[in-house]
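Next come the chains, spelled out residue by residue.
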Amino acid sequence: MKNCESSGAHFRALVRIPPTLSPRSEGGPARLCSGGAKSRGRGAGEQRSVLVERGNEELAMRTDGIATGHDVVDVLRAQATRFALPFAIAVCSFVGVVAFYRVCLGRIAYPLELDFIEGVVMDHVIRLAQGQPIYVEPSLSFVPLAYMPLLPALASLLATAFGPELWEPRLVNVVASSATALMVGVTVRAETRRLLLGVAAGGLFLSGLGIAGGHYDVARPDSLMLCLSMAGLVTLRFSTGRAGAVAAALLLGLAFFAKQHAALLGLAALVHVALDDRRRLVAFGATLGAVCAGGYLALELWLGHWFSFYTWVVPSGWSSIDAGRIRVFVGERLVGHFAALLVLA
């Protein structure tokens, strides 16, 4: 009896069993050492539940032989459940990443257009590579797109070195999408402190290639704009000083010159800083305004009035709040395509 008491005390010291479930609380040491089979099984079950909840399965299986075959099965089942979901998430993320690069790298050198504006984008790339303006009066031979010039400008550097090919603006966007996925993963990892969730977030972003219409890698300005905007928002989130605010504003301003819609993200960031980070408001707001407004005015003076016509007047004709578009976005896309993700969130 004394040996049993000392063994029980030593075990309770290791796993810190609550007094209510201690052998002494209901019948003393005899409940474990000399009680009937029924009472011994019930006491072991109570201790088992406490131990499993505390993650002490291994210790529980060594408790003076009180573990039963059912207890071992329960522990194994709990372990399998604990690792099954992370394993499934990791596999799905890996499949999404592999599928993304298989599709993108498989068609990056495809000689024909993958999107209805790729040919026009290449016209911009070729003109810039040849030193010709891209914001000119429309003609039968060339009509400029109503987009900002950053993507064609970057692709024209490759076209100057290798000759104009469709893979050049596509490569810019594959790199941009990869960087965006990396920033998504790093952000989720930092916010949740769980590596698996960070990896899953990056893989989930790349898995959205099909839902997004396959636009991650084609010659459109969207991916570049999203990458620069994400870089600005991440910089703003994880910096504390005014230098970080200036860097974030520069990145968001650069995103504006990839596509005008980045101005909405810059405005949202400005509202956030004004409400939650006022000490950096002047640095962030002044830099963002100088880059966007000042840069736009400088391009207008340099390129002529056709620049503002194609990048402001033309888009303002279709960029409006429409109830039908809102219904499609919320109903068909958010609730339709992403319903499962919303439930999990």
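Structure's up top.
Structural notes, computed from the coordinates. Values in this document were obtained by computation on a predicted structure and should not be read as measured data.

## Notes on a nonpolar patch on the surface
Right, on to step 1. A cluster of nonpolar residues, Phe-87, Val-91, Phe-94, Val-95 and Val-98, forms a patch on the protein surface that exposes about 500 Å² of accessible area.
Right, on to step 2. Relative to the assigned elements, Phe-87 resides in helix 5 (residues 69-107).
Right, on to step 3. Assessed through its relative accessible area of 59%, Phe-87 is described here as exposed.

## Quick word on unusual backbone geometry
Right, on to step 1. Backbone geometry places Arg-193, a non-glycine residue, at a positive phi of 60°.
Right, on to step 2. Note that Arg-193 resides in the loop between helix 8 (167-192) and helix 9 (195-207).
Right, on to step 3. Arg-193 sits in the exposed class, given a relative accessible area of 72%.

## Some points on the packing of aromatic side chains
Right, on to step 1. By the definition in use, this model includes 11 aromatic pairs.
Right, on to step 2. Their ring planes at 50° and their centres at 6.3 Å tell us that Phe-256 and Tyr-296 sit as a pair that is tilted. Of this pair, Phe-256 sits in helix 11 (residues 242-256) while Tyr-296 sits in helix 13 (residues 281-303), placing them 40 residues apart in sequence.
Right, on to step 3. For Phe-256, a relative accessible area of 12% translates into the label buried.
Right, on to step 4. An angle of 85° between the planes, with centres 5.1 Å apart, marks the rings of Phe-309 and Tyr-310 as edge-to-face.
Right, on to step 5. Using a relative accessible area of 31% as the deciding quantity, one classes Phe-309 as partly exposed.
Right, on to step 6. Accessibility expressed as a relative area gives 5% for Tyr-310, which makes it buried.
Right, on to step 7. An aromatic cluster of three or more residues is present, and its members are Tyr-135, Phe-256, Phe-257, Tyr-296 and Phe-307.
Right, on to step 8. The ring of Phe-142 has Arg-127 lying over it, and the distance from NZ or CZ to the ring centre is 4.5 Å.
Right, on to step 9. Seen from the ring of Phe-238, Arg-237 lies directly overhead, with NZ or CZ sitting 5.0 Å from the centre.

How each quantity is defined
- Residues numbered from 1 in each chain as written.
- Predicted model: local features only at pLDDT ≥ 70, side-chain atom pairs only at ≥ 80, totals over all residues.
- Heavy atoms only, no water.
- Patch = residues over 30% accessible without salt bridge, like charges linked within 9 Å, V, L, I, M, F, W, Y side chains within 5 Å.
- Areas by Shrake-Rupley, 256 points an atom, 1.4 Å probe, with all protein chains shown as cover.
- Salt bridge = Lys/Arg side-chain N within 4 Å of Asp/Glu carboxyl O.
- Helix = DSSP H or I, 4+ residues; strand = E, 2+ residues; numbered from the N terminus.
- Buried < 20%, exposed > 50% of the residue type's maximum accessible area, 1.4 Å probe, protein only.
- Phe/Tyr/Trp six-rings, centres within 6.5 Å; stacked < 30°, edge-to-face > 60°.
- Lys NZ or Arg CZ within 6 Å of the ring centre and 35° of its normal.

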